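# Observations on the model geometry
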Amino acid sequence: MRLSLILKGLAMGIAEIIPGVSGGTIAFITGIYEELINTIKSVNFSLIKTLKEEGIKGFWKAINGNFLFLLGIGMLIGIVSGIFVIGFLFENYQAPLWAFFFGLIISSAIYIGRKIDHWNFSNIIFIIAGFIVAFCITLLSPAEGSTNYILVMLAGMVAISALILPGISGSFILLLLGMYTIVRSEAENALSTFSLDSILVIGSFAIGCVLGLVLFSRVLSYTFDNYKNQTLAVLTGFMLGSLNKIWPWRNPVSWLDKDTSTILTDVTVMNKDLLLSDNIQLIKEVKVLPSDFMFFEPQLGISIVTFIIGLSVVFLLGKVEKK
């Protein structure tokens, strides 16, 4: 059980640093979603009284400490390792990585849809609504980020809400807010150089995450308790709508040059160094067939394999859950 929770946290941590993939999705398909929401919801001021009356042991039990601790260890390992590993995978195996998550999200949507007790017209409407919201979010253009501590904290509150919402990626929300590159680079600096400024930025982000978790978990807990089928329908729609952002083969068509505030659209400047530059911000991509993919090698064979693996993972987990 302990190793299982750590591994689930590891998967959630890695998922959360990839734009387009939600840690909440991983929590849902691994069977810990509702426990996670209710555990986070239990964090309130009454715990101070519990600590005084029942001591550390009672406090630890009230917050489901073993669950949070093991899951937190896994997430921390996943985030730290992912910061350095995901960059390598994106640079060398971009299409297979996205194909894996494309398959994972499809099977996750089917998995969640099967959890709906009974189908009716209203549930179908909720699925469509969730799909439209998520699809529209994927069409938004990234904004310009900032290292202002207050703005970083607010970004953390919004992004962490997406973390516990299956189908909407916290990293993708950060990308839309223009904060993804900033948070990722500041995290790398904090871990490698122990820069005080970077540590303060990440600290502000962490505070925002805690506040967002405490507030949003209460909303989700209420909807699950009172409108479970409708909530599951919306989450299913969210996942299906998010597929628009996860399609493995997307050609960049325009960038923003931050130094000159000009839009670049000339395909002759399309190269890896351009997209990885801190001075250039990608603002628009178009989905294409593998044969028309221009930026990386399409790696179609490997992508098909990783897609099938992603598609199979959730169904295998479902069988394990039944056992």
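These notes cover the structure that comes with them. Since the model is a prediction, treat every value here as computed from it, not as a measurement. (Residues numbered from 1 in each chain as written. Predicted model: local features only at pLDDT ≥ 70, side-chain atom pairs only at ≥ 80, totals over all residues. Heavy atoms only, no water.)

### Things to note about a nonpolar patch on the surface
On the surface, Trp119, Phe121, Ile124, Ile125, Ile128, Phe131, Ile132 and Leu240 cluster together into a nonpolar patch covering about 780 Å² of accessible area. Per element, the largest residue contribution to the nonpolar patch is six residues, and it comes from helix H7 (residues 121-139). Here Ile125 shows up in helix H7. (Patch = residues over 30% accessible without salt bridge, like charges linked within 9 Å, V, L, I, M, F, W, Y side chains within 5 Å. Areas by Shrake-Rupley, 256 points an atom, 1.4 Å probe, with all protein chains shown as cover. Salt bridge = Lys/Arg side-chain N within 4 Å of Asp/Glu carboxyl O. Helix = DSSP H or I, 4+ residues; strand = E, 2+ residues; numbered from the N terminus.)

### What to know about helix H4 (residues 46-62)
The first and last C-alpha atoms of H4 sit only 10 Å apart over 17 residues, clearly below the 24 Å expected at 1.5 Å per residue. Regarding H4, the residues found buried are Leu47, Thr50 and Gly58. One or two positions beyond H4, positive phi appears at Asn64, with a value near 55°. (Expected span 1.5 Å × (residues − 1). Buried < 20%, exposed > 50% of the residue type's maximum accessible area, 1.4 Å probe, protein only.)

### A few points about the packing of H7 against helix H12 (residues 228-246)
Running from N to C, H7 and H12 point in directions that differ by 35°, and their axes come no closer than 6 Å. The handedness of the crossing between H7 and H12 comes out as right-handed. The residues of H12 that touch H7, namely those facing Asn123, Phe126, Ile127, Gly130, Phe131, Val133, Ala134, Phe135, Thr138 and Leu139, are Asn229, Gln230, Ala233, Val234, Thr236, Gly237, Phe238, Leu240, Gly241, Ser242, Asn244 and Lys245. Within the contact of H7 with H12, the residues separate by chemical class into 11 nonpolar, 10 polar and one charged. (Axes fitted to C-alpha atoms, helices over the stretch in contact; angles between N-to-C directions. Left-handed = near helix turned anticlockwise from the far one by under 90°. Contact = heavy atoms within 4.5 Å. Nonpolar A, V, L, I, M, F, W, Y, C, P; charged D, E, K, R; others polar.)

### Things to note about H7
The terminal C-alpha atoms of H7 lie 27 Å apart, and with 19 residues this matches the ideal 27 Å at 1.5 Å per residue to within 8%. Restricting attention to buried positions, one finds in H7 the residues Asn123, Ile127, Gly130, Ala134 and Thr138. Buried residues in H7, looked at end-on, bunch into an arc of 70°, giving them a common side. Those residues of H7 that are exposed and angled more than 90 degrees off the buried face are Phe121 and Leu139. (Arc of directions from axis to C-beta.)

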